[in-house]
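# Structural features, examined
What follows is the residue order along each chain.
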Amino acid sequence: MINRHLTISGRVQGVGFRWSTQRLARQAGLQGFVKNLADGRVYVEVQGEEAVVERFIQRLSAGPNPYAIVEKVDQTTGKLQAYPDFGVRF
C-alpha cells in the first residue's frame, strides 16, 4: 500500500473534476479524498496498491473527464491513513 498527495493544476475546477476523480477512485477500490483549493487547483490524497495508484494518477493526468484540462500534477509521498473510502471534501 502507498499513499500519494497530488496537487493538480489546469482547468480543473467547475468541470466536474472532483466527481469524476471520486468515481475513478471508487471503481479502482482506492481510498482518500479530493477537494478544490482556493487558488484554482485541486488536491487529492489517494492510497491503495502501488500499481493501482499509479494507473489512477496516469488517468488523472490525462483528465478524468473530457471537460478537464490537466497542465501539471505535483505529487509527494504521504503516510498511510485510515480513510473509510474515497470522498469529495468541501
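As a reminder, the structure under discussion sits directly above these lines.
Criteria and thresholds
Residues numbered from 1 in each chain as written. Predicted model: local features only at pLDDT ≥ 70, side-chain atom pairs only at ≥ 80, totals over all residues. Heavy atoms only, no water. Pairing = 2+ DSSP bridges. Helix = DSSP H or I, 4+ residues; strand = E, 2+ residues; numbered from the N terminus. Axes fitted to C-alpha atoms, helices over the stretch in contact; angles between N-to-C directions. Contact = heavy atoms within 4.5 Å. Phe/Tyr/Trp six-rings, centres within 6.5 Å; stacked < 30°, edge-to-face > 60°. Buried < 20%, exposed > 50% of the residue type's maximum accessible area, 1.4 Å probe, protein only.

## Looking at the sheet that holds strand E3 (residues 42-48)
Pairing is mixed across the open sheet formed by 5 strands, whose spatial order is E4-E1-E3-E2-E5. The two strands at the open ends of the sheet, each matched to only one other strand, are strand E4 (69-77) and strand E5 (86-89). Shown here is a sheet whose adjacent strand axes are inclined to one another by a mean of 20°, direction ignored. Here strand E2 (residues 31-36) runs beside E3; their pairing, made up of 6 bridges, is antiparallel. Note on E3: the bridge partner recorded for Val-34 is Val-44. Of the strands in this sheet, strand E1 (2-11), E2, E3, E4 and E5 touch helix H1 (residues 17-28), which is tilted by about 165° from E5. Along the sheet, helix H2 (residues 50-61) contacts E1, E3, E4 and E5; its crossing angle with E1, the most-contacted strand, is approximately 5°.

## Structural notes on the pairing of E2
Where a strand is regular, its side chains alternate between the two sheet faces. With antiparallel pairing between neighbouring strands as the criterion, E2 and E3 make up a hairpin whose turn holds 5 residues, including Gly-40 at a positive phi of roughly 95°. Here E2 pairs with E5 via 4 bridges, running parallel. Bridge pairing in E5 links Lys-35 to Arg-89.

## A closer look at the packing of aromatic side chains
Following the criterion strictly, the structure yields 4 aromatic pairs and no others. Note on Trp-19 and Phe-90: the rings are 6.0 Å apart at their centroids and 45° apart in plane angle, and the pair reads as tilted. A residue pair is termed long-range when its members are at least 10 positions apart, and Trp-19 in helix H1 and Phe-90 in the segment after E5 qualify at 71 residues. With a relative accessible area of 44%, Trp-19 lands in the partly exposed category. Seen from their ring centres, Phe-56 and Phe-86 are 6.1 Å apart, and the 65° between their planes marks the pair as edge-to-face. Of this pair, Phe-56 sits in helix H2 while Phe-86 sits in strand E5, and the two are 30 residues apart along the sequence. For the pair Phe-56 and Phe-86, a shared accessibility class is recorded, and that class is buried.

## Remarks on the environment of Phe-90
The exposed category is assigned to Phe-90, whose relative accessible area is 80%. On a C-alpha basis, the gap between Phe-90 and Asn-36 in space is 7.1 Å, while along the polypeptide they are 54 residues apart. In this structure, Phe-90 is in contact with Arg-18 and Trp-19, ignoring residues within four places of it in sequence.

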